[in-house]
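Residue strings, one per chain:
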Amino acid sequence: MSRHRKAALLPVSAAVACVTALAGVPALADDGGDASKLSAQQLADDAKKELLGAKSLHVLLKNNSAGPPDAQSPAVLDLALDQDGNCAGSLTMGTGGAKGGTVELIKRGGELWMKPDTTFWKTQVTGGAGELAAQYFNGRYVHGSANDELLKTFGDTCDLNAFQAQVDSGPSGGPPAKLTKGKETKVDGTDVVPVSGRTDDSQVVLFITAKDPHRLVRATEKTGDLRTTMTLTDYNRPVPSATPSKDESVDVSKLQTLSPKATPPQAAAPDRAAR
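Thresholds applied
- Residue positions are given per chain, counted from 1 along the sequence in the order it is written.
- Reporting in this predicted model follows two pLDDT cut-offs: at least 70 for local features of residues, and 80 or more for side-chain atom pairs to be given and counted; totals over whole chains, interfaces and linings ignore these cut-offs and use all residues.
- Hydrogens are left out, water is left out, and the side-chain values use all remaining heavy atoms of the structure.
- For Phe, Tyr and Trp, rings pair up if their centres lie within 6.5 Å, where Trp contributes its six-membered ring, and each pair is then called stacked (planes under 30 degrees apart), edge-to-face (over 60) or tilted (otherwise).
- In this description a helix means any DSSP run of H or I spanning at least four residues, a strand means any run of E spanning at least two, and both kinds are numbered starting from the N terminus.
- Per-residue accessibility, obtained with a 1.4 Å probe over protein chains only, is compared with the maximum for each type, and a residue is labelled buried under 20%, exposed over 50%, and partly exposed between these values.
- Criterion for a charge above a ring: Arg CZ or Lys NZ at most 6 Å from the ring centre, at most 35 degrees from the ring normal.
- Here the expected length of a helix is defined as 1.5 Å per residue gap, with one fewer gap than residues.
- When DSSP finds two or more bridges between two strands, those strands count as paired.
- Pairs of cysteine sulfur atoms within 2.5 Å are what we label disulfides.

Chemist: Quick one: what's the story with the packing of aromatic side chains, residue by residue and with numbers?
Modeler: In this structure the tally under the stated criterion is two aromatic pairs. Ring centres 5.4 Å apart and planes at 10° place the aromatic pair W121 and F137 in the stacked group. Here F137 lies in helix 5 (residues 129-137) and W121 lies in helix 4 (residues 118-124), a separation of 16 residues in the sequence. Judged by relative accessible area, W121 falls into the buried class, the value being 2%. Since its relative accessible area comes to 0%, F137 is described here as buried. Centre to centre, the rings of Y136 and F137 are 5.2 Å apart; their planes meet at 85°, and the pair counts as edge-to-face. Among the aromatic side chains, those forming a connected cluster through ring pairs are W121, Y136 and F137. Over the aromatic face of Y136 sits the side chain of R140, whose NZ or CZ is 5.6 Å from the ring centroid.

Right under this line is the structure:
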């Protein structure tokens, strides 16, 4: 698997790591009701059922690392996506204080648009090709088939089905052996119940809505010097359908014309984060 292919899967992998505690929970139907009457396991079961049944989601994923600066490590994924493969949002690069730039992403049907900023072009594309691309595209979208070799990397990030499938099967390390229910609190004004668990190398906390339906609205995972926070909103809300105009877009083939030997725009990340 190439480095940029791994990077495309990183947001999914990091998000799945956040919800490790759901991995070993069967997605069974529940009577729902007051969270105070449900166990940690029952709340996790309800949250998993709601997550797997969502037709669309808004995911805000943040990676905070105390490690050395790394401009090629994904820092923030802010994306609305659905089961049809549509998405709209952005990916920001750079952890440990490094600045790796931001790329806007829009995928609708079989088409994909991406708009990297100047910093992204210069830090994510090797050699002088990044500088050249920043000047040529000048704030316009790169547009083409979502299956194009240079765009598929980003298109894969829009796959809600893949995320849900990995949540259902769970990471290779397995879920926590025990879940603990905490005291009711709030996340962005919503009453939630924290459900926590620990694996061999990480601590996971799920924040699940206190009222029925019990949905996962935030999850945190801490492993070593890496802390990942995922916030989920807009369950079943349609992904914005607006797409850039032709005047705002340049065909992806122009990117290859600029430098046939240039490395495709990447979102490379250390293997420790893509778990």
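Chemist: Give a description of helix 3 (residues 40-53) that names residues and reports values.
Modeler: Taking 1.5 Å per residue as the helical rise, helix 3 with its 14 residues ought to reach 20 Å, and the 20 Å between its terminal C-alpha atoms agrees with that figure. Every buried residue of helix 3 is listed here: A40, L43, A44, D45, D46, A47, K48, E50 and L51.

Chemist: Report on unusual backbone geometry, specifying residues and quantitative values.
Modeler: For the bond running from D212 to P213, omega is 5°, close enough to zero to count as cis. Checked against the element boundaries, P213 lands in the loop between strand 10 (203-209) and strand 11 (216-223). At N138, a residue that is not glycine, the phi angle is positive and equals roughly 45°.

Chemist: Could you give an account of the environment of F154, naming the residues involved and the relevant values?
Modeler: As for its placement among the helices and strands, F154 is situated in helix 6 (residues 152-155). For the pair F154 and L91, spaced 63 residues apart in sequence, the C-alpha separation works out to 9.4 Å.

Chemist: Explain the pairing of strand 3 (residues 87-95) residue by residue, including any values.
Modeler: For strand 3, the tally of buried residues reaches seven of nine residues, placing the bulk of the element in the interior. Here strand 2 (residues 70-82) pairs with strand 3 via eight bridges, running antiparallel. Looking at the pairing, P74 lines up with M93 of strand 3. Two successive antiparallel strands, strand 2 and strand 3, enclose a turn made up of four residues, where G85 displays a positive phi of approximately 90°. Alignment of strand 3 against strand 4 (residues 102-108), held across six bridges, turns out to be antiparallel. Bridge pairing links T92 to T102 in strand 4.

Chemist: Let's hear about the state of the cysteines: which residues, and what values?
Modeler: A disulfide bridge is the covalent bond that connects two cysteines by way of their sulfur atoms. Within this structure, the stated rule accounts for one disulfide. Bridging C87 to C158, the disulfide has an S-S length of 2.0 Å. Residue C87 is found in strand 3, and its partner C158 is found in the loop between helix 6 and helix 7 (160-169); the two are separated by 71 residues along the sequence. In this structure C87 comes out as buried when scored by relative accessible area, which is 1%.

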